[in-house]
Amino acid sequence: MAHIVGRSTHERSPRGSDPLSETLRDEADNLMLLCAQEHTEIDAKATQDMFTVAWLRGLKQDHEDRIRHVTGLGPDRATTVVRMMGPVHGNAVELSRQTAASAVTARRRFPLFLESYSRHGVEIDLQNTPGEGQTVSGNALSAAAASRSYYQQAVKVIDGVIQYQLQPGIESGSVQHVSVFGFARLPLLVYLGSRLDDTVPTDVYQRHRSEQSWVWPTESGAGVEFSVRLTQAEPAGDEAVVIMNVSGAIASREVPAEIAALRRYEISPVNAEIYPDILRQPASLCHLEAAFRGILARLEIEAKGLRRLHMLPAIPMSAAVTLGRIHHPQVHPQLVIYERLAGSYAPTLEVGQSID
């Protein structure tokens, strides 16, 4: 037990010259719990100008605030953390257990990491799935073929973790809320979202480039809203195209020739610029989810015979997970997710079964 202001006013008492009354020096507000080595270090003469009363009080206050925050969260604020990590065209980011814990705590939840298997929670590790690197070189045809092979293997990894780790927890009732962190190729994030149980409340987290952080910034405002426009009014057949210009822009000329003549819709921000960090607030992600739901509902009215929906996404990763979550395979048309490979867009993964 260490004193911030020394116990006495003697010149040998560390920080003892502080005006704090001697009657208050043994009170809890003036005490810190330290290991023996740290206690010796803060009381050493050579470090007195570094470990000042103000600095030690600030350290104690920060720690107490953090503990008060965490212990103030009731059982209903527990969340099971699901992390999916994979390279994106050869690039990867840091997404540790501690990183996820810090992000969910900032939203007044405390993380539960299911301790089966890896003892690191529900972790979907795609970083060593073979073939990802082959999808970023060569021509569009070879890149698309490499992607299909890579995705087949990655889907098996996702299915295995969901089936043997997450689903048993949901069925037993031990998983009642889920927090999802995903950094991987967009089609795989859509697939992950489609495998999450839509009956379990779920928060999806976004990696923010400007802060290099997974914590949702505490920005005020209603968030960015998104609109859905019919941009090519071809007769409604059994297939249609949706271009999602959210974090990036896809030009009409980039739509593959084989689907260029289909009925086409576009999702884009309202009164806001398209840029990578557009989802700065959870409210913006909620607005984008509403746009996704809106277009699926609109298609049920305008294209009742629709079997397949070709999706060209320029969206943040959290939006890809959200898109997969709202898709219902028994109700909605099959999603064909496209990806930019070797300079052009190609279909790489199908989510749901084609409705006959």
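Everything here concerns the structure above.
This one's a predicted model, so the numbers in the text were calculated from it and none came from an experiment. (Residues numbered from 1 in each chain as written. Predicted model: local features only at pLDDT ≥ 70, side-chain atom pairs only at ≥ 80, totals over all residues. Heavy atoms only, no water.)

**Some words on the overall build of the protein**
- A count of helical and extended segments in the protein gives seven helices and 13 strands.
- Relative to its length of 356 residues, the protein is extended, with a C-alpha radius of gyration of 26 Å against a globular reference of 21 Å.
- Dimensions of the protein, computed from C-alpha atoms along their principal axes, come out at roughly 90 × 45 × 40 Å.
- Expressed as a percentage of the 356 residues in the protein, the buried residues total 47%. (Helix = DSSP H or I, 4+ residues; strand = E, 2+ residues; numbered from the N terminus. Rg over C-alpha atoms; globule rule 2.2 N^0.38 Å. Buried < 20%, exposed > 50% of the residue type's maximum accessible area, 1.4 Å probe, protein only.)

**Looking at the packing of aromatic side chains**
- Scanning the model with the defined rule gives four aromatic pairs in all.
- For the ring pair phenylalanine 181 and tyrosine 205, a centre distance of 4.4 Å and an interplane angle of 10° mean the geometry is stacked. Remark: tyrosine 205 occurs in strand E7 (residues 202-205) and phenylalanine 181 occurs in strand E6 (residues 178-183); sequence separation between them is 24 residues.
- We classify tyrosine 205 as buried; its relative accessible area is 1%.
- Put simply, the rings of Phe181, Tyr205 and Trp214 touch in pairs and so form one group of aromatic residues. (Phe/Tyr/Trp six-rings, centres within 6.5 Å; stacked < 30°, edge-to-face > 60°.)

**Re the side chain of arginine 325**
- Tracing the chain through its elements places arginine 325 in helix H7 (residues 317-326).
- Here arginine 325 is buried and forms no salt bridge, its nearest opposite-charge partner glutamate 289 lying at an N-O distance of 5.3 Å.
- When sequence neighbours within four positions are dropped, the list of residues in contact with arginine 325 reads Gly193, Ser194, Leu196, Asp197, Asp198, Val200 and Thr202. (Lys, Arg positive; Asp, Glu negative; His and termini not counted. Salt bridge = Lys/Arg side-chain N within 4 Å of Asp/Glu carboxyl O. Contact = heavy atoms within 4.5 Å.)

Bear in mind that shape data such as this cannot, by itself, settle questions of function.
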